[in-house]
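Structural overview for review
Read off the chains here:
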Amino acid sequence: QVQLVESGGGLVQTGDSLRLSCTASGLPNRSFSMAWFRQAPGKEREYLAATMWSGGNIYYADYVKGRFTVSNAKNDTVYLQMNSLKPEDTAVYYCATTWGAPARTVSAMEYWGQGTQVTVSS
């Protein structure tokens, strides 16, 4: 049974940084990829970044390039470093995983974590 656990969310102020983690368990092989998403109140879940659990290239959505950085996986944990946070970054942040190459759509993901709340105050 694949499980994902996110942690690291919290309440921060504009301009602060935060690091989220996503830890996987039960991955059957190294051919799985993972992705970060977020969902703000009243909005659809949106893609942030993706990579393989085995390492390699990291792909970002254009709107987070330069502010968000994803680490290469180590011990089945991937980090999402978020800098210069803005109130519009307030959302529940999720990690997800699927078999195969990194993907960026919600429908492509097979397993999801429970999410971690990030709130950025102005």
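This text goes with the structure placed above it.
Everything quoted here is computed from the prediction, not taken from an experiment.

What counts and what doesn't
The written sequence of each chain sets the order in which its residues are numbered from 1. The predicted nature of this model means local features are confined to residues of pLDDT at least 70 and side-chain atom pairs, given and counted, to a pLDDT of 80 or more, with totals for whole chains, interfaces and linings taken over all residues. Side-chain metrics rest on all non-hydrogen atoms present in the structure, leaving aside hydrogens and water. Every case where a carboxyl oxygen of Asp or Glu lies within 4 Å of a side-chain nitrogen of Lys or Arg is listed as a salt bridge. Under the scheme used here, helices are H or I runs from DSSP no shorter than 4 residues and strands are E runs no shorter than 2 residues, and both carry numbers assigned from the N terminus. For the exposure calls, accessible area comes from a 1.4 Å probe over protein chains only, and a residue counts as buried if that area is under 20% of its type's maximum, exposed if over 50%, partly exposed in between. Cysteine sulfur pairs qualify as disulfides if the two atoms are within 2.5 Å.

Right, let's talk about the pattern of salt bridges for a bit. Side chains bearing opposite charge may pair, as long as their charged atoms lie close to each other. Summed over all chains, the structure comprises five salt bridges. Measuring nitrogen to oxygen at the nearest pair gives 3.0 Å for the salt bridge that ties aspartate 76 to arginine 30. With aspartate 76 in the loop between β7 (68-70) and β8 (77-82) and arginine 30 in the loop between β3 (18-25) and β4 (32-39), the pair connects residues that are 46 residues apart, well separated along the chain. On the basis of relative accessible area, arginine 30 is assigned to the partly exposed category, the value being 41%. Of the charged contacts, one joins arginine 38 and glutamate 46 as a salt bridge, the two residues approaching to 2.5 Å between their closest N and O atoms. Each of the salt bridges in this network shares a partner with another, and the network as a whole consists of Arg38, Glu46, Arg67 and Asp89.

The next subject is the state of the cysteines. Under the defined criterion, the tally for this structure stands at one disulfide. Each sulfur in the disulfide pair cysteine 22 and cysteine 95 lies 2.1 Å from the other. With the S-S dihedral at roughly 75°, the linkage between cysteine 22 and cysteine 95 falls on the right-handed side. Remark: cysteine 95 occurs in strand β9 (residues 91-99) and cysteine 22 occurs in strand β3; sequence separation between them is 73 residues. The exposure class assigned to cysteine 95 is buried, which follows from its relative accessible area of 0%.

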